[in-house]
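Close look at the chain arrangement
Here are the chains, one letter per residue:
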Amino acid sequence: MQIRKAEFKCSSGAVSQVPKDALRDIAFIGRSNVGKSSLINMLTSHKGLAKVSGTPGKTRLINHFLIDESWYLVDLPGYGYARTSKSEREGFSKLILDYVLRCEKLHMLFVLVDSRLEPQKIDLRFIEMLGENGVPFGIIFTKADKLSASQLRRSIERYRTVLGEQWESLPEMFVSSGADGRGREEILDYIAKCLIEC
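The notes below deal with the structure included here.

Conventions and cut-offs
- Residues numbered from 1 in each chain as written.
- Predicted model: local features only at pLDDT ≥ 70, side-chain atom pairs only at ≥ 80, totals over all residues.
- Heavy atoms only, no water.
- Helix = DSSP H or I, 4+ residues; strand = E, 2+ residues; numbered from the N terminus.
- Buried < 20%, exposed > 50% of the residue type's maximum accessible area, 1.4 Å probe, protein only.
- Contact = heavy atoms within 4.5 Å.
- Salt bridge = Lys/Arg side-chain N within 4 Å of Asp/Glu carboxyl O.
- Pairing = 2+ DSSP bridges.
- Axes fitted to C-alpha atoms, helices over the stretch in contact; angles between N-to-C directions.
- Parallel < 35°, antiparallel > 145°, perpendicular 65-115°, else oblique.
- Phe/Tyr/Trp six-rings, centres within 6.5 Å; stacked < 30°, edge-to-face > 60°.

1. Overview of the environment of A6
Topologically, A6 is positioned in strand 1 (residues 6–12). Note on A6: relative accessible area 13%, which makes it buried. Other than its neighbours up to four places away in sequence, A6 contacts T44, H46, L49, L66 and I67.

Structure follows, in C-alpha cells:
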C-alpha cells in the first residue's frame, strides 16, 4: 500500500465526538514516549502530521487523520505516564478504554512497545485486556535502529516467550524505526490486507 494523501480530520475528547461516517479506523497506541508520532509520520511520509514531542504524554485526545479519503489512521493518547495527575491518568484510561472497547469504527489496533525494554507490566496488562475483549490487534516494536540485529531478536523473543505463557496463538508482530523507515512496507501492507479481508 502507498499512502498518497494524509490530512488531519479532528481531535475528540470523547468517543461520541469521533467521525460518524462509515470509514474504518486503524489505531495506534502505546506507553507515553514510545515513538508513536514518529511512526505515524513515517508511515504517511508526512513529517509534521503527528506532533512529535520530547515530553511524554502530549497526546491527550483521540486524533483522526484521513488517509486517501478511504480510512482513518487514529493516534490515541499514550498510557502510563507518571507525571500526569492521577485524575488525568484515570481520564486518559477512560477515554482509551471507551474507544478501544466501544467504538464500532475501530477495525485494527496496533500496540507499540519500545524494543529496547524488557516486557513492561503495563503493556502486558493492556494486551491481556485486548485479548479478553476480542479486540483485533498487532504489536509494533519501535526504535529498532537503537539496537543491533541480535539485541532486536532477543527482545522480540522475550515478548514471544512471555505472551506464549498466556496465548495459544500470538498476534502479528512488526519491527519499526521512525528514524530509518524500517517496517513501513510491512505495516502498510498488513493494514491494506486488514481493510480488504477483515
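2. Side note on unusual backbone geometry
Positive phi, close to 55°, is recorded for S45, a residue that is not glycine. With respect to the helices, strands and loops of the structure, S45 is situated in the loop between helix 1 (36–44) and strand 3 (62–67). The phi torsion at D68 lies on the positive side, around 50°, for a residue other than glycine. Take D68: it is sitting in the loop between strand 3 and strand 4 (71–75).

3. A closer look at the pattern of salt bridges
Across all of its chains, the model carries 10 salt bridges by this definition. In this structure, E118 engages R158 in a salt bridge whose closest nitrogen and oxygen atoms are separated by 3.4 Å. Of this pair, E118 sits in the loop between strand 5 (106–114) and helix 3 (121–132) while R158 sits in helix 4 (residues 149–164), and the two are 40 residues apart along the sequence. Each member of the salt-bridge network shares a partner with another, and the members are K5, E7 and E69.

4. Concerning the sheet that holds strand 6 (residues 137–142)
Here seven strands make up an open sheet; going across it, the order is 1-3-4-2-5-6-7 and the pairing mixed. Pairing within the sheet leaves two strands with one partner each, and these edge strands are strand 1 and strand 7 (173–175). Neighbour-to-neighbour, the strand axes of the sheet open up by a mean angle of 25°, direction not taken into account. Pairing analysis gives five bridges linking strand 2 (residues 24–30) to strand 4, with the strands arranged parallel. Across the sheet, D25 pairs through a bridge with Y72, a residue of strand 4. Each of strand 2, strand 5 and strand 6 touches helix 3; the most contacted strand, strand 5, lies at about 160° to it. Packing against the sheet, helix 4 makes contact with strand 5, strand 6 and strand 7, and its axis sits at approximately 160° to strand 7.

5. Things to note about the pairing of strand 2
Burial analysis of strand 2 places six of its seven residues in the buried class, the great majority of the element. Sheet topology places strand 2 next to strand 5; six bridges connect them, and they run parallel. Its bridge partner lying in strand 5, A27 is registered against L109.

6. Considerations on the packing of helix 1 against helix 5 (residues 184–197)
Helix 5 packs onto helix 1 with a crossing angle of 80° between their chain directions and a minimal axis gap of 10 Å. In terms of their interaxial angle, helix 1 and helix 5 are classed as roughly perpendicular. Judged by residue contacts, L39, M42, L43 and T44 of helix 1 engage R184, I187 and L188 from helix 5.

7. Some points on the packing of aromatic side chains
Using the criterion set out here, one finds eight aromatic pairs in the structure. A centroid spacing of 5.8 Å and a plane angle of 65° characterise the contact between F8 and F65, whose relative ring orientation is edge-to-face. Placement of F8 in strand 1 and of F65 in strand 3 is noted, with a sequence separation of 57 residues between them. Judged by relative accessible area, which is 3%, F65 ranks as buried. Among the aromatic residues, those joined into a ring-pair cluster are F28, F110, F174 and Y190.

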